[in-house]
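The residues making up each chain are set out below.
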Amino acid sequence: MILHENEKCPVCDKLFTEDDDIVICPHCGTPHHRECYNSLGHCVNKDKHNTDFEYKSDCSADSDSLIPNSNHLYYNPKSAESNNESKKTVCSQCGAQINNDVPFCNHCGAKQTNAQYSEFNPAQNFGFASQNSVYESSNDTIDGKSVADIACVVVSNSDRFIKKFKENKTVSWNWGAFFFGPLYLFFRKMYSKGFIFLALEFAIPLLSQAVFYDKIKAFMSFVNSIAQGQKYNELMNVINDIVANPDGELYAQMLEVYQGIMPVIIISYLSIIVINVVISLFADKFYRNKVLSVIDKVNSNLNNDSSLSVTIMPMMEEEKLSQQDLRKLYLSRMGGVSLFLPMMIAVLMIFLRL
């Protein structure tokens, strides 16, 4: 009895015989005549390798069977103890030595339950695709958009956001947005809203300084009068001496001018807190709208432009990008997170406030 009895080669459509040299695709388990495989240059089901496709065979083998190897020789199944190569393992079905990263045995075609297989997938290997594979088989939708697409756009912390998106509350709390304010919006690529709130954080203190310009001018005049060309450390020593003598005339003058600029200080810090609170309350709603709009835009672009693979990753071979891979790449690139821009803005903010 041969392993693939009563089965046909998918290339030549001829039944396999005991004398045939049979090779099995390690990616999907599809058997071929070796000559047919070589003439084709790849597995007949290559286009399905990045999907859930799995070749189904009615034949099965147990550990006591004699299994033909790739040279159509017969051998007794090997045990795990005989495998001394770090990159080799044994087939869980027939015991043949195989690579530890393939999902199917290339001798008997059995699916490997513990395989660490990861076929080249442009969407994953270049870091754009969502790593939330649990959603790929889900049929759930949010406002007509699949949660698989949403997870692909969100990329990180998708469980939290999908839950929030389903609740669809106008107001919720986001601690990341509270602590980082506009920088959080830039991190999640909500650039327009990020610039609006960032502008407010700078505009409100500037307006308060304009309103209290006379008070600020008086304070600076006092500081200059006691500084008299002294270095910063020397000036601080003078101010400390004034504070240490609350009955002196200079202390009264300093207290008066300092109280004059207190509203500016309070408004500056309070405005930042209020803005961050507002962002934290509406960040999830903002992001929900952002993610859904990204999916709409990707759908529109994919329908209107079949050459997006060149724009996304020009060094890739287009034949390796299935429509599913192309969609994941584009969703993840349009979504995901951005670290460079918020870091640059944070450095600029620190520099301007020094």
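Residues numbered from 1 in each chain as written. Predicted model: local features only at pLDDT ≥ 70, side-chain atom pairs only at ≥ 80, totals over all residues. Heavy atoms only, no water.

Topic: the side chain of S332
Argument step 1. Note on placement: S332 falls in helix α12 (residues 323-334).
Argument step 2. On the basis of relative accessibility, which here comes to 5%, the residue S332 falls in the buried class. (Helix = DSSP H or I, 4+ residues; strand = E, 2+ residues; numbered from the N terminus. Buried < 20%, exposed > 50% of the residue type's maximum accessible area, 1.4 Å probe, protein only.)

A short note on the nonpolar core
Argument step 1. Residues I150, V154, I162, F165, I279, Y287 and V291 are the most contacted members of the largest nonpolar core, which totals 30 residues.
Argument step 2. Those elements that place two or more of their residues in this core are α3 (147-154), α4 (158-167), α6 (182-187), α10 (249-304) and α12.
Argument step 3. Per element, the largest residue contribution to this core is 11 residues, and it comes from α10.
Argument step 4. With residues near it in sequence (within four places) discarded, I150 still touches I142, K145, I162, F165, V291, L292 and I295.
Argument step 5. Of all hydrophobic cores here, the second largest spans nine residues; its members include I226, L235, I242 and V257. (Core = buried A, V, L, I, M, F, W, Y, C linked by side-chain atoms within 4.5 Å. Contact = heavy atoms within 4.5 Å.)

Overview of a nonpolar patch on the surface
Argument step 1. Taken together, the side chains of I266, L270, I273, V274 and V278 make up a nonpolar region of the molecular surface, amounting to roughly 410 Å² of accessible area.
Argument step 2. With respect to the helices, strands and loops of the structure, I266 is situated in helix α10.
Argument step 3. Exposure remark for I266: the relative accessible area of 47% places this residue in the partly exposed category. (Patch = residues over 30% accessible without salt bridge, like charges linked within 9 Å, V, L, I, M, F, W, Y side chains within 5 Å. Areas by Shrake-Rupley, 256 points an atom, 1.4 Å probe, with all protein chains shown as cover. Salt bridge = Lys/Arg side-chain N within 4 Å of Asp/Glu carboxyl O.)

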